[in-house]
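# What the coordinates show
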Amino acid sequence: MSMLMKAIVAERAGDAGVLKVAELERPVPGPTEVLVRVHATSVNPHDCKTRARGRSAYNDEALPLVLGFDVSGVVEAVGSGVTILAPGDEVFGFPKFPHHARAYAEYVCGPARHFAPKPAGMDHIRAAGLPLAGLTAWQALVDTAQVRAGRRVLVHAAAGGVGHLAVQIAKARGAVVIGTARSEKHAFLRQLGADQLIDYTQEEFDAVVSDVDVVLDTLGGDVTSRSLTILREGGVVVTIIPPRLDGPPLEGDLPTRAGTHVKWMLVEPDGAALRELATLVDAGKLRVELDSVFPLTEMPEAHRRMETGRATGKVAIRVVPSASAGS
Ligand SMILES: NC(=O)c1ccc[n+]([C@@H]2O[C@H](COP(=O)([O-])OP(=O)(O)OC[C@H]3O[C@@H](n4cnc5c(N)ncnc54)[C@H](OP(=O)(O)O)[C@@H]3O)[C@@H](O)[C@H]2O)c1
């Protein structure tokens, strides 16, 4: 028996107006997959870029498509062979990437190990802001740069979706955290643990900061090369902005001046790291700031907000109408 669900389809390449409500077949979990009733999702810049260009930079799937990666919800059914999750479990995750997760929908299927138990003290709306952005920050700072106590870490766009989580993860590991953001966001970032803040509209970060061990580059362009100039010997710039095909080579791990390095990193689904993020949340060391919350049917407005480039924290989407943003 076929069952329908509500979803948001990007019908063709274009502005946020191409996002339309549709009734689609509910997906069916295959072997090792779970079917999740989505309570909330969130918008990431990659969703907007895919909608605008008509294609993701990381797969060949063409529009029309259901976009969206982040999921917080409840396991509805499990496919053959799944032992780690069961119907009724509250989970969060970022499944399937680099393929589309199709999370702008009431139901999503994905590999069981791309999900983890939702942090107990966090509601679905906030938990939906954590997977893609939180895994990006974790994989950049912990897996790639091995941030540890005493390291000086600079986070660019510290108030953004990735940045505000990166500030907290670096702080939880005992780093000295420097962030760039407009001055009206400095009080918020101090609450998250930032030690030094630079208003990038007033001063150049490379004129006022030096001796940095790790830079998380969320901006690209000349910020990447200028970030290299503030590193200590042995330091690393981890950039999450893809190198331009027509730009200078930036692949893997290029040695640069005095033993410094720049590494380009693309986030991956990772249930084990999601559990680490949940542990930080439960310990009171990591929270998700909500810039705004929209119902699923107002996805065009959510994309327009994301595309201002001014979000503080995450743009979240309520899929189940009663899902709250209470904690
Ligand atoms: N490679 C990967 O795996 C990966 C994963 C996730 C994201 N990304 C990419 O990383 C980028 C950031 O993602 P996000 O989700 O954090 O974006 P976001 O939430 O849209 O970032 C918004 C923040 O950026 C700040 N900002 C804008 N220009 C700035 C500048 N010149 N200096 C300092 N802050 C600035 C804004 O602060 P103000 O209001 O103060 O300007 C705002 O708080 C996007 O391009 C995204 O596609 C890559």
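Refer to the structure presented above.
Computed from a predicted structure; not experimentally measured. (Residues numbered from 1 in each chain as written. Predicted model: local features only at pLDDT ≥ 70, side-chain atom pairs only at ≥ 80, totals over all residues. Heavy atoms only, no water.)

Right, let's talk about the overall build of the protein for a bit. The number of helices and strands found in the protein is 9 helices and 17 strands. If one aligns the C-alpha atoms of the protein with their principal axes, the spans along those axes are about 65 × 40 × 35 Å. Taken across its 327 residues, the protein has 56% of its residues classed as buried. In the protein, 68% of the contacts between residues at least 6 apart in sequence involve partners at least 24 apart. Surface accessibility of the protein: about 13,600 Å² in total, with carbon and sulfur atoms responsible for 51%. (Helix = DSSP H or I, 4+ residues; strand = E, 2+ residues; numbered from the N terminus. Buried < 20%, exposed > 50% of the residue type's maximum accessible area, 1.4 Å probe, protein only. Contact = heavy atoms within 4.5 Å. Areas by Shrake-Rupley, 256 points an atom, 1.4 Å probe, with all protein chains shown as cover.)

Quick look at the sheet that holds strand β4 (residues 65–66) now. Strand order in the open sheet formed by 3 strands is β2-β1-β4, and the pairing between neighbours is antiparallel. Whereas interior strands pair on both sides, the edge strands pair on one side only; in this sheet they are β2 (19–25) and β4. Judged from the 7 bridges that link them, strand β1 (residues 4–10) and β2 form a sheet pairing that is antiparallel. Paired with Ala10 across the two strands is Leu19, which belongs to β2. (Pairing = 2+ DSSP bridges.)

What follows covers the packing of aromatic side chains. Applying the stated rule across the entire model yields 4 aromatic pairs. Here Phe69 and Phe94 contribute two aromatic rings whose centre-to-centre distance is 5.7 Å and whose plane-to-plane angle is 75°, an arrangement assigned as edge-to-face. Residue Phe69 is found in the loop between β4 and β5 (71–78), and its partner Phe94 is found in the loop between β6 (90–93) and β7 (107–111); the two are separated by 25 residues along the sequence. Across this residue pair, the class does not change: Phe69 and Phe94 are buried. (Phe/Tyr/Trp six-rings, centres within 6.5 Å; stacked < 30°, edge-to-face > 60°.)

A separate point is the packing of helix α3 (residues 131–144) against helix α4 (residues 161–172). Contact geometry of α3 with α4 gives a least axis separation of 8 Å together with a crossing angle of 50°. In terms of orientation, α3 and α4 fall into the oblique class. Of the two elements, α3 crosses α4, and the hand of that crossing is right-handed. From α3, Ala133, Gly134, Thr136, Ala137, Trp138, Leu141 and Val142 reach across to α4, where they touch Gly161, Val162, Leu165, Ala166, Ile169 and Ala170. (Axes fitted to C-alpha atoms, helices over the stretch in contact; angles between N-to-C directions. Parallel < 35°, antiparallel > 145°, perpendicular 65-115°, else oblique. Left-handed = near helix turned anticlockwise from the far one by under 90°.)

Moving on, we come to the site of the ligand. Every one of the 25 residues lining the ligand counts as a neighbour, but Lys49, Lys185, Tyr200, Arg310 and Ala311 are closest to it. Backbone polar atom of Val162 to an oxygen atom of the ligand: 2.9 Å apart, as the coordinates give it. Interatomic distance of 2.6 Å between a backbone N/O atom of Ala311 and an oxygen atom of the ligand. Starting from 940 Å² of accessible surface for the ligand in isolation, the protein chains cover 86%. Breaking the shell around the ligand down by element, the ones donating at least two residues are α1 (45–53), α3 and α4. Looking at side-chain class alone, the shell around the ligand contains 15 nonpolar, 6 polar and 4 charged residues. (Near = heavy atom within 4 Å. Polar contact = N/O pair within 3.5 Å; in protein donor to acceptor, adjacent residues only side chain to side chain. Nonpolar A, V, L, I, M, F, W, Y, C, P; charged D, E, K, R; others polar.)

With that out of the way, let us pick up the side chain of Thr50. Tracing the sequence through the fold places Thr50 in helix α1. For Thr50, a relative accessible area of 1% gives the class buried. If near-sequence neighbours (up to four positions away) are discounted, Thr50 is found in contact with Arg55, Ser56, Leu63, Leu67 and His100.

Of all the residues in helix α9 (residues 299–306), the buried ones are Met299, Pro300, Ala302, His303 and Met306. Buried residues of α9 fall within an arc of 160° about the axis and therefore sit on the same side. (Arc of directions from axis to C-beta.)

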